[in-house]
Amino acid sequence: MNTAGHPEATARRGLELTPFRGLRYDPDRVGSLAAVTSPPYDVVVRPDGLHQLQSNDPYNIVRLILPQATTPAERNEQAARTLRGWLSEGVLAADRKPGLYVYEQDDGAGLLQRGLIGTLRLSEPSEGVVLPHEDVMPHVVADRAALMRATCANLEPLLLTYRGNGTESVTTAAIEHTAEQPPLLATTTEDGYSHRLWSITDPAEVARIQADLTQYQALIADGHHRWATYRRLRAEHPSPSPWDHGLVLLVDTARYPLRVRAIHRLLHGVPVSRSLELLDGLFRVRRLDVPLAEALDTLADAACAGNAFLLAGDGAFHLVDRPDPGLLSRTVPADRPTAWRTLDATVLHATLLAHVWQIPEDDPARIAYIHDTAATVEKAERDGGTAVLMHPVREDVVRDLARQGVTMPRKSTSFGPKPASGLVLRALDV
């Protein structure tokens, strides 16, 4: 296994990717493939984004990944009924042959990403095959597990990355050769990304890819809660069973580098004035009466020198940096590597949320995690809350911590582009 400094890993089993019969929309039964897709469930900005997606097409995938009803049990049952209905109507149908799916995303401006969608053997953290880098929120795992139990399906792939050696591997060659063929589907979504999908079904070619992938370990780029959900559901079902595997997209970032963005926080019911008042004497605070883009540039410069955040919600931006060293020594745990202790996300969670603002990080009534920067600011201004804007962490820092077995605070990173939900699903009973 290529684990960059882990010679003991040769005794481990590496990535084991298996073909499956994907469920895909019949393009003749829906308005358009773009109209039925969605960002991953945790990226949809609710309720605005959810309502827009629901109105795009009656068969939009959000009706499965974010069902709407009064209680969680009713939501999950509704999703299960909807999935059964779409299968019986032929809106969704399973491909005739199992395959590994080549998936391409292109933003038209130079960013091209290709990877393989398949079902990956689930592994224990001790195996060092799949590396998490963030903590998870138990209530989100429980919610996703209930939905997967009810639907008996993996409704959207999580995103995993691995690092090839920079040369063309068997897997890369297969992906790029396949991408020269006519695709199974092609569509362009509202964000301007074009999406194409192919299937590799030849048993010999699949076997070559599988053999090649066994030398690698993967980093969870996006989907920690779904990976934890997969592992929880596997524990509930005697092996062997379909629950031994979970739906993933694997991307070689040596060939197709991902972007790493921050995930921002929205503090519900906490005016910016109150957030700033509590920071008095603990951080340096400077008001910035500039547009969002310029404020983010200022944040990036400040983040090069130390921990820095932007607060917003009152019509201006407030740069918060230069924390008091004594405050950090009292609030940040000392039993982790320096790279972890100096993360902005660590200082945010250990110092600001837990100590200064006293806001529980896993209480959805008090805090929300939002990927879109402008949307975070807009919601804070509309609702009278505080937007906490973050600067992204580098991928090499994420990977190095993960290899040490050190997890970052939850929702620390947003790797992308993320796979669109709705292009290929997996039913566990097909």
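Our subject in this report is the structure included herewith.

### Re the side chain of Gln217
Thought 1: Here Gln217 is to be found in the loop between helix H7 (203-213) and strand S11 (218-222).
Thought 2: Reaching out from Gln217, the side chain makes a polar contact with the backbone oxygen of Gly128 at a distance of 2.9 Å.
Thought 3: A distance of 3.1 Å separates polar atoms of two side chains, one belonging to Gln217 and the other to Arg403.

### Overview of the pattern of salt bridges
Thought 1: Taken as a whole, this structure holds 24 salt bridges when the rule is applied.
Thought 2: With its nearest N and O atoms 3.2 Å apart, the salt bridge here joins Glu77 to Arg84.
Thought 3: Judged by relative accessible area, Glu77 falls into the partly exposed class, the value being 35%.
Thought 4: Among the salt bridges present, the one from Arg410 reaches Glu361, with a minimum N-O distance of 3.3 Å. Residue Arg410 is located in the loop between helix H15 (395-403) and strand S20 (414-416), and its partner Glu361 is located in the loop between helix H13 (344-357) and strand S18 (367-370); the two are separated by 49 residues in the primary sequence.
Thought 5: According to the relative accessible area criterion, Arg410 is buried, its value standing at 10%.
Thought 6: Exposure remark for Glu361: the relative accessible area of 25% places this residue in the partly exposed category.
Thought 7: Via salt bridges that share partners, Glu16, Arg121 and Glu127 belong to a single interconnected network.

### Focus on empty space enclosed by the protein
Thought 1: One pass over the full model with this rule turns up 5 cavities of 30 Å³ or more.
Thought 2: In this structure, the largest cavity occupies an estimated 120 Å³ of space.
Thought 3: For the lining of the largest cavity, the secondary structure elements donating two or more residues are S11 and helix H8 (224-236).
Thought 4: Examining the composition of the lining of the largest cavity, we find that 3 residues originate from one element, H8, more than from any other.

### Brief notes about the layout of surface pockets
Thought 1: One number sums up the size of the largest pocket: a volume of about 1200 Å³.
Thought 2: Around the largest pocket, the lining is made up of 42 residues, and of these Pro39, Val43, Asp191, Arg261 and Asp372 lie nearest the centre.
Thought 3: For the lining of the largest pocket, the elements supplying multiple residues, two or more each, are helix H1 (33-36), helix H2 (48-56), strand S13 (259-261), helix H10 (292-305), helix H14 (373-383) and S20.
Thought 4: For the lining of the largest pocket, the element with the most residues is H2, which contributes 5 residues.
Thought 5: Along the lines of polarity and charge, the residues of the lining of the largest pocket split into 20 nonpolar, 14 polar and 8 charged.

### Some details on a negative patch on the surface
Thought 1: Where like charges cluster on the molecular surface, the negative patch consists of Asp314, Asp372, Glu378 and Glu381.
Thought 2: Topologically, Glu378 is positioned in helix H14.
Thought 3: A residue is classified by how much of its surface remains accessible, and Glu378, at 48% relative accessible area, is partly exposed.

### Some words on the sheet that holds strand S15 (residues 284-288)
Thought 1: One open sheet holds the 6 strands; their spatial order is S15-S17-S16-S19-S14-S18, and the pairing between them is antiparallel. Either end of the sheet is taken by a strand with one partner, and the two such strands are S15 and S18. The mean inter-strand angle of the sheet, taken between neighbouring strand axes irrespective of direction, is 25 degrees.
Thought 2: The strands touched by H13 within the sheet are strand S14 (264-267), strand S16 (308-312), S18 and strand S19 (386-389), with S16 carrying the most contacts at an inclination of about 55 degrees.

Conventions used here
Residues numbered from 1 in each chain as written. Predicted model: local features only at pLDDT ≥ 70, side-chain atom pairs only at ≥ 80, totals over all residues. Heavy atoms only, no water. Helix = DSSP H or I, 4+ residues; strand = E, 2+ residues; numbered from the N terminus. Polar contact = N/O pair within 3.5 Å; in protein donor to acceptor, adjacent residues only side chain to side chain. Salt bridge = Lys/Arg side-chain N within 4 Å of Asp/Glu carboxyl O. Buried < 20%, exposed > 50% of the residue type's maximum accessible area, 1.4 Å probe, protein only. 1 Å grid on protein atoms, 1.4 Å probe; cavity = no way out; pocket = protein on both sides within 12 Å on 5 of 7 lines; lining within 4 Å. Points joined across faces, edges and corners; volume = space filled by probe spheres on them. Nonpolar A, V, L, I, M, F, W, Y, C, P; charged D, E, K, R; others polar. Patch = residues over 30% accessible without salt bridge, like charges linked within 9 Å, V, L, I, M, F, W, Y side chains within 5 Å. Areas by Shrake-Rupley, 256 points an atom, 1.4 Å probe, with all protein chains shown as cover. Lys, Arg positive; Asp, Glu negative; His and termini not counted. Charge placed at Lys NZ, Arg CZ, Asp CG, Glu CD. Pairing = 2+ DSSP bridges. Axes fitted to C-alpha atoms, helices over the stretch in contact; angles between N-to-C directions. Contact = heavy atoms within 4.5 Å.

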